[in-house]
Amino acid sequence: GPPFSITPVTMDTPRSILKKYWGYDAFRPMQEEAIRSVLDGHDTLVLLPTGGGKSVCFQVPALAMEGICIVISPLIALMKDQVEQLRKKGIQASAIHTGMSKREIDITLDNCIYGHTRFLYVSPERLQTPIMIERAKKMNVCLLAVDEAHCISAWGYDFRPPYLLIPDFRELLPGVPVMALTASATPGVRADIRDKLRMKGQSTFMRSFARANLSYAVLKEENKEQKLLHILNRIPGSGIIYVRNRKRTRQISDWLNSQGIPATYYHAGLPLKERSDKQASWISSRVRIIVATNAFGMGIDKPDVRIVVHLELPDNLDAYYQEAGRAGRDEHKAYAVALYDDKDLQDLEVLVAMKYPAPELIRQVYQALANYYRLPVGSGEMSGHPFDIGNFVKTFDLPARETFYALKLLENEGLIQVTDNFNVPSKIHFVVDNSQLYDFRHRYQELDKFVQILLRLYGGELFTDFVKISEKEIASAFFASEDEVVKFLHFMAERNIILFEKKIDQPQLTFLTPRFVAENLPLNWRHIQTRKDGDLSKVHAVINYAVHLKRCRTQLLLDYFGEKKSVPCGICDICIAHRKQATGDDEAEESVLKQQVLSAISEAGAISPDELCRRLDADRPLVLAAIRQLLRQEEISYDETGKLKEEH
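No experiment lies behind these values; they were computed from the predicted model shown.

(A) Summary view of the side chain of S281. With respect to the helices and strands, S281 occurs in helix α11 (residues 272-283). With residues up to four places along the chain from it excluded, the contact list for S281 reads T264, R286 and V287.

(B) Broad picture of the pattern of salt bridges. Per the counting criterion, the structure on display carries 35 salt bridges. Measuring nitrogen to oxygen at the nearest pair gives 2.5 Å for the salt bridge that ties K224 to D344. Note that K224 is positioned in helix α9 (residues 224-234) and D344 in helix α13 (residues 342-354), a separation of 120 residues in sequence. D344 carries the same exposure label as K224, and that label is buried. R250 serves as the salt-bridge partner of D254, at 3.9 Å between the closest nitrogen and oxygen. Remark: R250 and D254 occur in helix α10 (residues 246-258); sequence separation between them is four residues, near one turn of the helix. Look at R250 and you get partly exposed, because its relative accessible area is 47%. The structure contains a network of salt bridges with shared partners spanning E331, E611, R614 and R615.

(C) Region of interest: helix α4 (residues 76-88). Relative to the 18 Å expected for 13 residues at 1.5 Å per residue, α4 spans 18 Å between its end C-alpha atoms, a close match to the ideal helical length. Restricting attention to buried positions, one finds in α4 the residues I76, L78, M79, Q82, V83 and L86. Angular distribution of buried residues about the axis of α4 spans 160 degrees; they occupy a single face of the element. Exposed residues pointing more than 90 degrees away from the buried face of α4 are listed as A77 and K88. For α4, the elements touching its buried residues are α3 (54-64), β3 (93-96), β4 (119-122) and β15 (416-419). Downstream of α4 by one or two residues, G90 has phi in the positive range, about 85 degrees.

(D) Spatial organisation of the packing of aromatic side chains. According to the stated counting rule, one finds 22 aromatic pairs in the structure shown. Summarising the aromatic geometry, the rings of F209 and Y321 are spaced 5.5 Å apart at their centres and angled 75 degrees between planes, so their arrangement reads as edge-to-face. Pair noted here: F209 is in the loop between β7 (203-206) and β8 (214-220) and Y321 is in helix α12 (residues 317-324), with a separation of 112 residues, a long-range link. Here the two residues F209 and Y321 agree in accessibility, since each one is buried. A ring pair is formed by Y560 and F561, whose centres lie 5.3 Å apart and whose planes are at 75 degrees; its orientation type is edge-to-face. Accessibility classification places Y560 together with F561 in one group, the buried group. Ring-pair connections join several aromatic residues into one group, and the members of that group are Y366, Y372, Y373, F387, F392, F396 and F511. A cation sits over an aromatic face here: K278 above Y265, 3.7 Å from the ring centre. One Lys or Arg, R553, reaches over the ring of Y545 and ends 5.2 Å from the middle of that ring.

(E) Quick peek at the side chain of D465. Looking at the secondary structure, you find D465 in the loop between α18 (445-458) and β18 (467-468). The side chain of D465 sits in the buried core without any salt bridge; R87 is the nearest counter-charge, 5.1 Å away. Each residue touching D465, except ones within four places of it in the same chain, is listed here: I107, N111, I428 and H429.

(F) How the structure looks around the packing of α18 against helix α19 (residues 471-478). Here α18 crosses α19 at 125 degrees, and the two axes come no closer than 10 Å. By the angle class used here, α18 and α19 are oblique. With respect to the hand of their crossing, α18 and α19 are arranged in right-handed fashion. Here K449, F450, I453, L454, R456, L457 and Y458 of α18 lie close against α19, whose contacting residues are E473, I474, A477 and F478.

Each value, and the rule that gives it
- Residues numbered from 1 in each chain as written.
- Predicted model: local features only at pLDDT ≥ 70, side-chain atom pairs only at ≥ 80, totals over all residues.
- Heavy atoms only, no water.
- Helix = DSSP H or I, 4+ residues; strand = E, 2+ residues; numbered from the N terminus.
- Contact = heavy atoms within 4.5 Å.
- Salt bridge = Lys/Arg side-chain N within 4 Å of Asp/Glu carboxyl O.
- Buried < 20%, exposed > 50% of the residue type's maximum accessible area, 1.4 Å probe, protein only.
- Expected span 1.5 Å × (residues − 1).
- Arc of directions from axis to C-beta.
- Phe/Tyr/Trp six-rings, centres within 6.5 Å; stacked < 30°, edge-to-face > 60°.
- Lys NZ or Arg CZ within 6 Å of the ring centre and 35° of its normal.
- Lys, Arg positive; Asp, Glu negative; His and termini not counted.
- Axes fitted to C-alpha atoms, helices over the stretch in contact; angles between N-to-C directions.
- Parallel < 35°, antiparallel > 145°, perpendicular 65-115°, else oblique.
- Left-handed = near helix turned anticlockwise from the far one by under 90°.

In structure tokens form, the structure reads like this:
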């Protein structure tokens, strides 16, 4: 039986909840089984490829239970995005992250205990704060969801030490099941997730990492730009080009525009407004191509991306799989192409060495941070500060690139956290009741109209919670300048009528621990060396993937993720080359098509012949012939609804 006592379930079934809030009639493969598992009280590990609908897996069961679901997520942008999406559906959700004042956190947590909040998103470093620990004990928690769960493993590609606080936090929630979710994890990382999260009697649900509609190719090219142009002229439709640094995003985007291909660029250093505008123009297909660093893509849902090109190889296959996997989520044919030259392969190894700067430099950078923010030893825990890396490097005359990696290492060791492109709109909260507000309006007649406008724009929620406001919106309703609006808000705050949190739009650096003496930084050098070796072996896996000429690309990737029993995809560059070499071309063609049919059925779980023909880029009579042959060989069969399924 289940290891946990389970929270009473509401009357809604998972399917009716899916229909009510998402408008879908049926779950995708694996979702329903994973949801059942949590509702039965089991700890559950869910591995779904990018775009496989992970959030539905924890949001639906949480809505089927009484109480609140706590979601742990590493990226502020992603948390905000999900909270926004839930609120649009009329579901109460909120988030706690760096950049919020103590008072704001206080009110948010109170609403989780006494209000109707159904989802609370928190960043992992919040879990050790006394206020979070105290309030969590009072909440009626029905589920703990850990998103991007691979971050808990030092062997993963994106290790975040604060994730190691989760198991202790779990102890505060006895009897509450945990659901861990990730889009890519090797067998070692999967074992690590189960172990570190202390998952009891757990079930694992994993969809194959194979994508029947995605054709992978790797090309060795001296002139990458010309090759890129050739590819984009050959493959129509929307695309993403990944490059390694910010400057290059703009160069390539400008060059594509000059060649008549509408493009824009994206990286984490752009102001928020510009980032959202660029993203929106690409999502709505006003521009065809977006050239981006790896900061782009988390939480982006554009189903009709036809091509993803990497102009530089990423330093691990996990990231490559995630980024390439943004192509073809509509399940129509799509392409993932990586271009490289000899220098790229050397650079990958050099980059690993660079990511681990000398101990002296790390201590020097830490000391400089303490001086920059004037933090005495022992102080500053969980304090967030605006951070401009350019100014910081200049002030202390530090080498820019090495400093960047030293900060990353301090972050990996759990000492600081740097949030890129951090932006929070202004927020206000009325701390008086209606009658006190009436007195204030009576006393300051010139503000009466102003208060009326605030109430009209933002409603009664102002009295219970911090509410995001737009100075611009208020200014146009009040026929005043934004500066005047801010002046009025400050005036009200000084008289304790409102709490006013001014907007922030720049990166933030948070000290996660009290400040240490730089000489005694608690850095685990043995652990750091092990991580460096791990990074090197990941780089070697990328190099092997790039230069390999014999084995199907999909199989190479699946092998990396521990799927040993895979069939060739039939559509990658290597499979196509084999097919051309094969003497009986028709026969090779036929066997490739059979592999594609099998792989599509395995990915879908069950699929109608019509849907199968639509999904595969081949002539209908040929697909139907391949289906007939596989039925005869008893490798597939029809289920009771007339769909094709694998014979196990």
